[in-house]
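Spelled out from the first residue to the last, the chains are:
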Amino acid sequence: PRGGFGGSGDRAEPGGPPATTLGGRTIPPPWKRIVARLLDVVIVNMIIGFFVIRAVAGDDAGTVAATGEVEAGRVFLATFLVLGVSFAWEAVATKLFGGTPMKRAFGMRVVQVESGDDVEWRHAIFRWGTLAIWSVIPVLSLFVPLILVIVSLTFLFTKPLRQAVWDLAAKTVVVDG
């Protein structure tokens, strides 16, 4: 449906100002999403840092710090820990609770753009995977997520429903509630 949430008609026209409501729900301002995302990133990176340091260095932290040498198996384990923690923080929390911990703390929730229903697993995984998939591709992991974030920041201020790239990929929208 053209208006989202069953064709409610309160969706802004492409190229026009961002919508303030969708299906009777308020679309949060960009600053709210940006602050929540930044806090999520800080917290999840602290968690990841703790586990990755333990996985990579283990009891040999002094040796690893002095030589920089790390066993390949530990790097492999660290990669899976990073993906696992980020999956739990982003995808699992979005499916089970409607958003990441900081998104929920700021009173926002992720819903399906067309119906306004809670997201299904496919939506939550697509949202997470849009950025996460690049972390396992060596050279692209440095640039593609940065480009996606810059484009998403632009979209938060210019797209009718303030959808980030991962929202567009997953067919979701963030609303207050």
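Because the structure is predicted, anything quoted here is derived from the model rather than measured.

Digging into a nonpolar patch on the surface
Phase 1 of the analysis: On the surface, Val139, Leu142, Phe143, Ile147 and Val151 cluster together into a nonpolar patch covering about 490 Å² of accessible area.
Phase 2 of the analysis: Mapping Val139 onto the fold places it in the loop between helix H5 (121-132) and helix H6 (140-158).

Details of the packing of aromatic side chains
Phase 1 of the analysis: Scanning the entire structure with this criterion turns up one aromatic pair.
Phase 2 of the analysis: Judged by centre distance (4.9 Å) and plane angle (80 degrees), the rings of Phe87 and Trp128 are edge-to-face. Of the two residues, Phe87 sits in helix H3 (residues 72-97) while Trp128 sits in helix H5, which places them 41 residues apart along the sequence.
Phase 3 of the analysis: For Trp128, a relative accessible area of 18% gives the class buried.
Phase 4 of the analysis: The cationic tip of Lys159 hangs over the ring face of Phe155; the distance from NZ or CZ to the ring centre is 4.8 Å.

Some words on H6
Phase 1 of the analysis: In this model H6 runs 26 Å from its N-terminal to its C-terminal C-alpha over 19 residues, within 8% of the 27 Å that 1.5 Å per residue would give.
Phase 2 of the analysis: Burial in H6 covers these residues: Val144, Pro145, Leu148, Ser152, Phe155 and Leu156. An end-on view of H6 places all buried positions within 110 degrees of arc, on one side of the element. Exposed and facing more than 90 degrees away from the buried side of H6 are Leu142, Ile147 and Phe157.

Focus on the pattern of salt bridges
Phase 1 of the analysis: Going through the model one piece at a time under the given rule, you end up with six salt bridges.
Phase 2 of the analysis: As a salt-bridge pair, Asp167 and Arg127 come within 2.8 Å of each other at their nearest N and O atoms. Of the two residues, Asp167 is situated in helix H7 (residues 165-170) and Arg127 in helix H5; the sequence distance between them amounts to 40 residues. The burial state of Asp167 is the same as that of Arg127; both residues are buried.
Phase 3 of the analysis: Each of Arg33, Arg37, Glu90, Arg127 and Asp167 takes part in one network of salt bridges that share partners.

Things to note about the environment of Phe106
Phase 1 of the analysis: Among the secondary structure elements, Phe106 is positioned in the loop between helix H4 (101-105) and strand E3 (108-112).
Phase 2 of the analysis: When its relative accessible area of 24% is taken as the criterion, Phe106 is described as partly exposed.
Phase 3 of the analysis: In this structure the C-alpha to C-alpha distance between Phe106 and Ala36, which are 70 residues apart in sequence, comes to 6.8 Å.
Phase 4 of the analysis: Not counting chain neighbours up to four residues away, the residues in contact with Phe106 comprise Trp31, Lys32, Val35, Ala36 and Leu39.

Structural notes on H5
Phase 1 of the analysis: An ideal rise of 1.5 Å per residue puts 16 Å on 12 residues; H5 measures up with 16 Å between its terminal C-alpha atoms.
Phase 2 of the analysis: All buried positions along H5 are accounted for by His123, Ala124, Arg127, Trp128, Gly129, Thr130 and Ala132.

Points about unusual backbone geometry
Phase 1 of the analysis: At Arg162, a position not held by glycine, the phi torsion is positive, near 55 degrees.
Phase 2 of the analysis: Relative to the helices and strands, Arg162 resides in the loop between H6 and H7.
Phase 3 of the analysis: Here Arg162 falls in the buried class, since its relative accessible area comes to 13%.
Phase 4 of the analysis: Even without a glycine there, the phi angle at Lys171 is positive, about 60 degrees.
Phase 5 of the analysis: Mapping Lys171 onto the fold places it in the loop between H7 and strand E4 (172-176).
Phase 6 of the analysis: Residue Lys171 is classed as exposed on the basis of its relative accessible area, which comes to 57%.

Conventions and cut-offs
- Per-chain numbering applies: the sequence of each chain, read as written, is numbered from 1 onward.
- The predicted nature of this model means local features are confined to residues of pLDDT at least 70 and side-chain atom pairs, given and counted, to a pLDDT of 80 or more, with totals for whole chains, interfaces and linings taken over all residues.
- Side-chain figures throughout are based on the complete set of non-hydrogen atoms in the structure, without hydrogens or water.
- The patch calculation keeps residues exceeding 30% relative accessible area without a salt bridge and links them within 9 Å when they carry like charges or within 5 Å when they are nonpolar (Val, Leu, Ile, Met, Phe, Trp, Tyr).
- Each accessible area is a Shrake-Rupley estimate made with a 1.4 Å probe; only the visible protein chains count as cover when residues are assessed.
- Basic side-chain nitrogens of Lys or Arg form a salt bridge, by our definition, when they fall within 4 Å of a carboxyl oxygen of Asp or Glu.
- Numbering of helices and strands runs from the N terminus, with a helix taken as a DSSP run of H or I at least four residues long and a strand as a DSSP run of E at least two residues long.
- Only rings of Phe, Tyr and Trp enter the pairing, Trp through its six-membered ring, and a pair is recorded when the two centres are within 6.5 Å. The plane angle decides the type: under 30 degrees is stacked, over 60 is edge-to-face, the rest tilted.
- Exposure categories follow from relative accessible area, calculated using a 1.4 Å probe and restricted to protein chains: below 20% of the type maximum is buried, above 50% is exposed, and the middle band is partly exposed.
- The criterion is that NZ of a Lys, or CZ of an Arg, lies within 6 Å of the ring centre and within 35 degrees of the ring normal, and then a charge sits over that ring.
- Expected helix span is given by 1.5 Å per residue-to-residue step, counting one fewer step than there are residues.
- This arc is built from the directions going out from the helix axis to the C-beta atoms.
- Any two residues whose heavy atoms approach within 4.5 Å at even a single point are treated as in contact.

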